[in-house]
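# Working through the structure, step by step
Okay, here's what each chain looks like letter by letter:
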Amino acid sequence: MSLSQPLPERLRPSELALFVGQSHLAERLTTLLEGPRLPSLLLFGPPGCGKSTLALLLARARGGNVLRLSAPEAGLQQLRRQLTGVDILVLDELHRFSKAQQDFFLPLLESGDLTMIATTTENPSFSVTRQLLSRLHVLRLRQLGRPELLELGKRGAAALSVTLNDEILDFLSTAAHGDARTMLNLVEYASSLPEEKRNLVYIYLESMESTYLSKELGGNQEENLLPNLSELALANLNFSHTDTLGGARQVTGTSWTIAAMVSQTTGVPLKIPVGDNDYGNKSARFLPGVWSLGDILEQEGYRQELLIGSDASFGGRRQYFAQHGGYDIWDYYTARETGKIDPDYRVWWGYEDLKLFDYAREELTALAAEGEPFNFTMLTVDTHFPSGYVCPACWQDDERQYANVISCSDRLVADFVWWIQQQDFYENTTIILVGDHLSMDSRFFVDNGEYVRTTFNTIINAPMDTAFDKERMFTTLDWFPTTLASLGVEIPGERLGLGTNLFSGQPTLAESMGLEALDDELKKVSNYYNKHFLYGSDGQ
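Anyway, here's the lowdown on the structure attached to this text. In this text the structure is predicted, and so the values were computed from the model without any measurement. The numbering scheme is per chain: residues are counted from 1 as the chain's sequence reads. Owing to the predicted nature of the model, reporting of local features is limited to residues with pLDDT of at least 70; listing and counting of side-chain atom pairs is limited to 80 or more, with chain, interface and lining totals taken over all residues. The side-chain quantities take in all heavy atoms of the structure and omit both hydrogens and water.

Let us now look at the packing of helix H12 (residues 227–235) against helix H19 (residues 401–420). For helices, the axis comes from a line fit to the C-alpha atoms of the stretch in contact; other axes are also lines fit to C-alpha atoms, and the angle between any two N-to-C directions lies between 0 and 180 degrees. Helix and strand definitions here come from DSSP, where helices need a minimum of 4 consecutive H or I residues and strands a minimum of 2 consecutive E residues; each element is numbered from the N-terminal end. Running from N to C, H12 and H19 point in directions that differ by 45°, and their axes come no closer than 7 Å. Regarding the angle of H12 to H19, the classification is oblique. Every residue of H19 that contacts H12 at Pro227, Asn228, Leu229 and Leu232 is listed here: Asp410, Arg411, Val413, Ala414, Val417 and Trp418. Charged residues are taken to be Asp, Glu, Lys and Arg, nonpolar residues to be Ala, Val, Leu, Ile, Met, Phe, Trp, Tyr, Cys and Pro, and polar residues to be all remaining types, Gly included. Of the residues in the contact of H12 with H19, the class split is seven nonpolar, one polar and two charged. By the definition adopted for this analysis, an angle is roughly parallel if under 35 degrees, roughly antiparallel if over 145, roughly perpendicular if from 65 to 115, and oblique otherwise. Here a residue-residue contact requires only that any non-hydrogen atoms of the pair lie within 4.5 Å.

Encoded structure:
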């Protein structure tokens, strides 16, 4: 066993007595193993329930020459070559074989020359031919329950020589959704958090695009509308789709503010109608099945705060951040109640960014004085469509109002960052500036041509650097693991949710699948997503 192997592989049991779960099959498995000959089997069940592990244990318990193959990687020529002298074949993902490939096994199983133990996550009645199915004993495996997941979690923590209290293990078991592999991956991840915790300042920049940069820097403007932000990006870290400054692509479920906030902190899209900004207010639980950045940092003792100049309840933002991380939430109404603005004051969506950054300085100073690690998250609003909000700090250098507002936001954000860099807490603080989504002000982009629009980003004062920041195809889903990595967190497998840690150089889903193929998959209805993420499962 290699310590470089993922924890689920390292803890794969070597004997049936150590197998966790599927107690309803215990008597039948005993009967099968005690019989004169092990029949060919098909283990059918959801991901992470132990199908492959059980198949290997049964094969090894029976003895003989055992070969394990995965259907997606095995062609007929390979099968003919490798099956010579094999007594038992363990075949993963049988449903991935075509009818012709499945028919190949019929004479071998009929004659008894080969015993096959296959696995599938698909209903055999639809994924396996009738002829082959008639030669297999089907065993249906169940999703693991919380007690079984807790047992696996304890084994995983012991193997890693770490202590995870019952509260954390219970939390992880809920997030695992009955999947043993997920549970062990979460345990391995939880054990990889650094002892010295870095602060995080995460600023969602409303509708902020790389498009606003000059063409020379990678944007699509004759004059650079972001001279200060581009200076920060060039001096620090900018992940780009080109060899100059650039950013992330937008995919289904990430294209409006609450969806952007969710996707960037969970690696999971928000699959509700874009107009249904009341989802979080209608539902008692906001995405009960996800495990977010806020959840993780809360478990690690972070003080967390969300500061916005609009109504936090709009779009379910209050529910999401309160339920996933216990954030203290300061919004337009909080500012009125605490006397920061007059009770009858209201401009644009609530109050403008000029005031927002003044309040942010006050809040950050107070958070830092507490001496605990903090996650300070905020959302700007002046650059919202249509045309943005012209505040007293805006200059009128451009005939386009939106361009003036964008340039004003550039100055306000950069001034705030430069202020942070003068504070004592900056040394141990990572700052992330990222556009929440592409602007919806279509009138501003009529002359874009074939230019590819992306959301702006820069990561400031991360404790590491990377050689994999340019010529990347990535989406805002990738910010979840990348943000954690920027805090010094080691991420087993370099993936969380549908996101990839960009520091690692591992191919993102957009790079391995292609952006269009990934987006096509995200557009599809997913019963798993609806059951486990959107509404929660009664069994969890």
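Resuming the write-up.
This part is about the packing of aromatic side chains. Think of it this way: a Phe, Tyr or Trp ring, Trp meaning its six-membered ring, pairs with another when their centres are within 6.5 Å, and the plane angle makes it stacked under 30 degrees, edge-to-face over 60, tilted otherwise. Considering all chains together, one arrives at 27 aromatic pairs under this definition. Pairing Phe239 with Phe474 gives two aromatic rings, centres 6.5 Å apart and planes at 75°, and the pair type is edge-to-face. Of the two residues, Phe239 sits in the loop between H12 and helix H13 (257–266) while Phe474 sits in the loop between strand S11 (457–460) and helix H20 (479–485), which places them 235 residues apart along the sequence. Taken as a pair, Phe239 and Phe474 share a single burial class, namely buried. With a centroid separation of 5.0 Å and an interplanar angle of 75°, the aromatic rings of Tyr320 and Phe321 are classed as edge-to-face. Taken together, the aromatic side chains of Phe357, Phe374, Phe416, Trp419 and Phe425 make up a single cluster linked through ring pairs. In this scheme, the term charge over a ring applies when either NZ of a lysine or CZ of an arginine sits within 6 Å of the ring centre and within 35 degrees of the ring normal. Over the aromatic face of Tyr332 sits the side chain of Arg346, whose NZ or CZ is 4.9 Å from the ring centroid. The ring of Trp395 has Arg411 sitting right over it, with the charged end atom 3.5 Å from the ring centre. Under the scheme applied here, a residue whose accessible area is under 20% of the maximum for its type counts as buried, over 50% as exposed, and between as partly exposed, the area being computed with a 1.4 Å probe on protein chains only.

Time to look at the sheet that holds strand S5 (residues 137–140). Within the open sheet, the five strands sit side by side as S2-S3-S4-S1-S5. Their pairing is parallel. Both outer strands of the open sheet, strand S2 (66–70) and S5, are each paired with one neighbouring strand and no more. Across the sheet, the axes of successive neighbouring strands diverge by a mean angle of 15°, strand direction being ignored. Summarising the sheet, S2 and strand S3 (residues 88–92) pair through five bridges and their orientation is parallel. Note that in S3 the partner of Leu69 across the bridge is Leu91. Whether two strands pair depends on DSSP finding at least two bridges between them.

Note that all results are geometric; they support no functional claim without further evidence.
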